[in-house]
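# Architecture at a glance
Next come the chains, spelled out residue by residue.
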Amino acid sequence: MTTAEEPLAAIFARLIARTGPIGLGHYIGESNARYYASRDPLGSEGDFITAPEISQMFGELIGLWLTDMWQRAGSPAPAHYVELGPGRGTLARDALRVARRQGLAPAVHLVESSPALTALQRDAVPGATRHDDLATVPEDGPILLVANEFLDALPVRQLVRTGEGWREVMVDCRDGAFVPIAGPRPMDAAVPATWREAAEGTVLETCPGAATVVGEVARRLVAQGGAALFIDYGHTAPRTGSTLQALRAHRKVDPFAAPGEADLTTHVDFAALAAVARTQGCRWLGTVTQGDWLQALGIEARAAALATAAPDRAAVLERQKQRLVDAGEMGQLFKVMGLAAPGWPDGAGF
Ligand code: SAH
């Protein structure tokens with residue numbers, strides 16, 4: 001019998017003892033489902049902090065971007081604000097406040113799997129509709145969508161080049177510890193020709209869930225109109241190597257040490273996702289660094305305006321802005337990818 005209280009490590013150990021090693025994607029998916037379902041991981045008391053939790057400026061500039069796109073597209077109705085993995089609801093609250101001031105009052109749809117975070121979102125964004133996935137989001141008008149640090153939480157699959165060819169990375173349980181191993185089945189057919197002869201030990205990582213989500217968003221943009229922003233840490237050129245990491249109490253920990261107790265994330269492959277979007281006939285507006293994008297959107301002016309209104313907060317606002325845009329902080333590693341429906345305008349900042 002499994003119960004909600006039984007540690008995930010015990011469930012995994014029993015499963016592996018019975019049926020053999022499990023896929024890495026299975027391990028990550030179950031771990032993060034357990035992790036997010038039970039807690040609020042954000043903020044200084046939690047395991048990690050995100051851009052909307054650092055400063056209201058982040059959500060405000062996203063709200064301005066979406067409103068600008070919608071207005072230049074002719075203000076089509078009924079507009080739907082859609083957010084994937086909204087966390088505490090802070091980004092939605094800040095973005096919608098700015099949008100309403102500019103005359104955009106969309107229906108609000110939050111795609112969220114965690115009961116703990118859904119409860120917080122209900123307070124932050126009254127009147128929003130919660131969805132398990134995109135399937136139930138209405139199709140009758142344009143979608144204005146944002147996903148911040150959502151794709152990085154979805155499970156990846158890894159292939160590793162061994163002396164015997166390519167194998168899937170699986171998770172085994174040895175002497176009570178979880179360890180990544182090379183699985184038994186040949187996987188050479190799943191590897192693109194350019195990588196097939198790579199050196200032994202080379203790891204290729206793919207995120208089928210991210211490709212599915214971005215493909216569905218792109219399909220809806222083409223069908224319904226609208227624009228989307230995907231923001232995450234990641235790379236814009238193909239690369240090899242594992243990017244799997246775990247964060248607990250703001251420190252990196254071993255991803256295999258305590259499944260379900262730390263946030264497991266990977267870097268987002270933005271090059272692959274742009275290709276997926278274009279395959280659907282969607283416009284890829286570009287993928288730029290978070291620092292450049294926020295600067296182009298006017299974060300300096302926004303910080304100055306807020307500091308004028310509250311002079312005693314000037315130093316704090318300056319520090320928040322630096323955390324969001326400086327290359328040594330979030331400015332360089334984090335990327336912003338913009339998508340839009342055919343016929344919609346080019347986005348500011350791309
Ligand atoms: N966007 C927020 C939170 C980021 S944390 C912020 O920037 O602060 C990741 C979010 O995605 C959480 O809300 C988590 O519960 C949600 N999430 C993770 N996997 C999910 C899935 N498969 N389906 C829906 N939501 C998911």
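Anyway, here's the lowdown on the structure attached to this text. The structure displayed is predicted, hence computed values, not measured ones. (Residues numbered from 1 in each chain as written. Predicted model: local features only at pLDDT ≥ 70, side-chain atom pairs only at ≥ 80, totals over all residues. Heavy atoms only, no water.)

### What to know about the packing of aromatic side chains
- Scanning the model with the defined rule gives nine aromatic pairs in all.
- Ring centres 5.2 Å apart and planes at 75° place the aromatic pair Y233 and F334 in the edge-to-face group. With Y233 in strand β10 (residues 226-235) and F334 in strand β16 (residues 334-340), this residue pair connects regions lying 101 residues apart in the sequence. The burial state of Y233 is the same as that of F334; both residues are buried.
- By the ring-pair criterion, three or more aromatic residues cluster together here, those being F12, Y27, F178 and F256. (Phe/Tyr/Trp six-rings, centres within 6.5 Å; stacked < 30°, edge-to-face > 60°. Helix = DSSP H or I, 4+ residues; strand = E, 2+ residues; numbered from the N terminus. Buried < 20%, exposed > 50% of the residue type's maximum accessible area, 1.4 Å probe, protein only.)

### A look at the packing of helix α4 (residues 56-72) against helix α10 (residues 299-309)
- Direction vectors running N to C along α4 and α10 enclose 125°, while the axes themselves pass 11 Å from each other. Between α4 and α10, the interaxial angle falls into the category oblique. At the point where α4 passes α10, the crossing takes the right-handed sense. Note on element contacts: α10 touches α4 through I299, R302, A303 and L306, opposite Q56, M57, E60 and L61. (Axes fitted to C-alpha atoms, helices over the stretch in contact; angles between N-to-C directions. Parallel < 35°, antiparallel > 145°, perpendicular 65-115°, else oblique. Left-handed = near helix turned anticlockwise from the far one by under 90°. Contact = heavy atoms within 4.5 Å.)

### Let's talk about the pairing of strand β3 (residues 107-111)
- The element β3 is largely enclosed, with a buried count of four among its five residues.
- In terms of strand pairing, strand β2 (residues 80-84) meets β3 through five bridges, oriented parallel. If you follow H80 over to β3, its bridge partner there is A107.
- You can see the chain leave β2, run along helix α5 (residues 90-101) and come back into β3, and the turn it takes is right-handed.
- As defined by bridge partners, β3 adjoins strand β4 (residues 129-131) across three bridges and the pair is classed as parallel. Note on β4: the bridge partner recorded for V111 is H131.
- What joins β3 to β4 is helix α6 (residues 115-124), and the crossover it makes is right-handed. (Pairing = 2+ DSSP bridges. Right-handed = clockwise from strand over helix to strand, strands pointing away.)

### Observations concerning the sheet that holds strand β11 (residues 245-248)
- Judged by pairing direction, the sheet is antiparallel, and its three strands sit side by side in the order β12-β11-β13 without closing on themselves. Either end of the sheet is taken by a strand with one partner, and the two such strands are β12 (251-253) and β13 (263-265). Ignoring strand direction, the axes of neighbouring strands in this sheet form an average angle of 40°.
- One ladder, built from three bridges, connects β11 with β13; its direction is antiparallel. Within the sheet, the bridge partner assigned to Q245 lies in β13 and is T265.

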